[in-house]
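Spelled out from the first residue to the last, the chains are:
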Number of protein chains: 2
Amino acid sequence: MYALQAATTQRAPRPKFSNTALGAIGTVSLFERNNTIFAEGDDADRAYKVVSGGVRLCKMMPDGRRQIAAFALPGDYFGFDWLGHHALTAEALNDTTAISYARNRLERLGDEDHDVRAELYATLRHDLWAAQNHLIILGRQSARERVTSFLVELIERRKGDNLSTIAVPMTRRDMADYLGLTVETICRELSALKREGVIAIPGRHAVIVHDEAALRRASMADD
Amino acid sequence: MYALQAATTQRAPRPKFSNTALGAIGTVSLFERNNTIFAEGDDADRAYKVVSGGVRLCKMMPDGRRQIAAFALPGDYFGFDWLGHHALTAEALNDTTAISYARNRLERLGDEDHDVRAELYATLRHDLWAAQNHLIILGRQSARERVTSFLVELIERRKGDNLSTIAVPMTRRDMADYLGLTVETICRELSALKREGVIAIPGRHAVIVHDEAALRRASMADD
DNA sequence: CGAAGTTTTGACGTCGATCAATCGCTGTGG
DNA sequence: CCACAGCGATTGATCGACGTCAAAACTTCG
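Procedures and definitions
- Residues numbered from 1 in each chain as written.
- Chains lettered and ligands numbered in written order.
- Predicted model: local features only at pLDDT ≥ 70, side-chain atom pairs only at ≥ 80, totals over all residues.
- Heavy atoms only, no water.
- Helix = DSSP H or I, 4+ residues; strand = E, 2+ residues; numbered from the N terminus.
- Buried < 20%, exposed > 50% of the residue type's maximum accessible area, 1.4 Å probe, protein only.
- Contact = heavy atoms within 4.5 Å.
- Areas by Shrake-Rupley, 256 points an atom, 1.4 Å probe, with all protein chains shown as cover.
- Salt bridge = Lys/Arg side-chain N within 4 Å of Asp/Glu carboxyl O.
- Pairing = 2+ DSSP bridges.
- Axes fitted to C-alpha atoms, helices over the stretch in contact; angles between N-to-C directions.
- Polar contact = N/O pair within 3.5 Å; in protein donor to acceptor, adjacent residues only side chain to side chain.

K.L.:
Explain the overall build of chain A residue by residue, including any values.
P.N.:
Along the backbone of chain A there are eight helices and 11 strands. Among the 223 residues that make up chain A, the fraction classed as buried is 52%. A separation of at least 24 residues holds for 73% of the contacts in chain A among residues at least 6 apart in sequence. For chain A, the accessible surface area stands at approximately 10,000 Å², while carbon and sulfur atoms represent 52% of it.

K.L.:
Just give me the short version of the pattern of salt bridges, but keep the residues and values in it.
P.N.:
Counted according to the given criterion, the structure contains 32 salt bridges over all chains. One salt bridge in this structure joins A:Asp177 and A:Arg173, with 3.8 Å as the shortest N-O distance. In this pair, A:Asp177 and A:Arg173 both sit in helix 6 (residues 172–179), four residues apart, roughly one turn of the helix. The salt bridge involving B:Asp76 is made with B:Arg157; its shortest N-O contact spans 2.5 Å. Of this pair, B:Asp76 sits in the loop between strand 5 (66–72) and strand 6 (77–78) while B:Arg157 sits in helix 5 (residues 143–157), and the two are 81 residues apart along the sequence. The class of B:Asp76 is buried, set by a relative accessible area of 6%. Residues joined by salt bridges that share partners form a network here, namely A:Arg56, A:Arg66, A:Glu91, A:Arg173, A:Asp174, A:Asp177 and B:Arg140.

K.L.:
Could you give an account of the sheet that holds strand 5 (residues 66–72) of chain A, naming the residues involved and the relevant values?
P.N.:
Residues and elements named next belong to chain A. A sheet is described by the order of its strands in space; here four strands give the open sequence 2-7-4-5, paired in antiparallel fashion. Looking at which strands have only one partner, the edges of the open sheet turn out to be strand 2 (36–38) and strand 5. Each adjacent strand pair in this sheet contributes to an overall mean axis angle of 35 degrees, direction not counted. In this structure, strand 2 lies alongside strand 7 (residues 89–92), joined through two bridges in antiparallel fashion. The residue of strand 7 that forms the bridge with Phe 38 is Ala 90.

K.L.:
Provide a residue-level description of the side chain of B:Lys59, including the pertinent values.
P.N.:
All names here are of chain B. Mapped onto the secondary structure, Lys 59 falls in strand 4 (residues 55–60). Judged by its relative accessible area of 2%, Lys 59 is buried. Among the polar contacts made by the side chain of Lys 59, one reaches the main-chain carbonyl oxygen of Ala 87 at a distance of 3.3 Å.

Spelled out as structure tokens, the structure:
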């Protein structure tokens, strides 16, 4: 009973802003691969929605260690989390198109429009939910569990298409910095999954899932 | 410049609800050590503020592994993060007193009162900020860095008192499950810090900080 | 074709986990 | 008041998963 309830209620829907309210105030921005969109500590004067490409949201340590907190993929919002200064650095994974919203306009809209307010709130709640799930991966899962959890996450974030081929827009290093591992461990786990027939790897930025059930089993799909 | 900015702006203030608005609708609850206040997946019909004692907020894996996402100490709010179902399990660290707020009253108040709304939003933002800082600890820090980061966090959360003795209301196991380590590693790191003269350990639930600068240096205070 | 960056694989090292024993509280009953 | 049981904390010995170092293969782009 508890497990069933958890399975049906834990999924936090990615919020969708009403196009009517926000559509009008956004402007299109382009970023090329590895460009910084904003850095941790910057004035948070703009927030974004990814149209195409992808973005990594990360924190850096003084000695160069990096932890990626999340990836923003097409349809996702980012930069809404902190209204004074950005808490994370945002960098383009690829050549990326995004719609950008001015902070002062967002705030005005949030004060006036109950729906926009609810959606800003839902965005924040979704990010918190995602971060808390990420904690269990980083704190308590093995390398195998992390890599399979990540692939399952990509499967579930993939929008309409039900292909068994999933797009992997980030590099092995990005995956490593998201999962708290090294590039080499990522490669080894992917190779092992390939050897076991669970997946195939047609190229750097794609994975074919042959046995999704095995993948989910290996990921210990939380609770 | 950037480092200075980060140091002054990254700290997310713990929100304080206006007592006038919320004070009226809270009721006092008591929980004894290790009692479950709510479980992951439960209907989120109440949210809480800790008065005395402490609470761990955690996720469990089916095989018993546990990740603690946060500790709620006196003055902290918890259970506000998810308005449908709770995303985390809350358990009392100690005999604990908390003020509990009914969800439907909170929602009504949030709709009516701009200040309450801002404070609910600030609570969520604080939790997200804390979770993102936690990610870098779990993903990229050594055992030594994790334990010292934790002690620094306790120092900074300690309210008015400026004593060098800090209260540690949780067990070694709780610390381990918060930091993604084992009980043994926690003990060993604490013993090493004691041997090096950085801290003293007068009892299970207290630490005396002799060299706070060394502690902060060892914690690699992020960014 | 050559250069630079990314991915993959192998050999080896290490940090923290595991297994095990002991210590030291705290509470309970004789 | 003391003996003892039970649980948490501590310390030691050993193990193993993942990191580090190194080299080769592959991809991309000039």
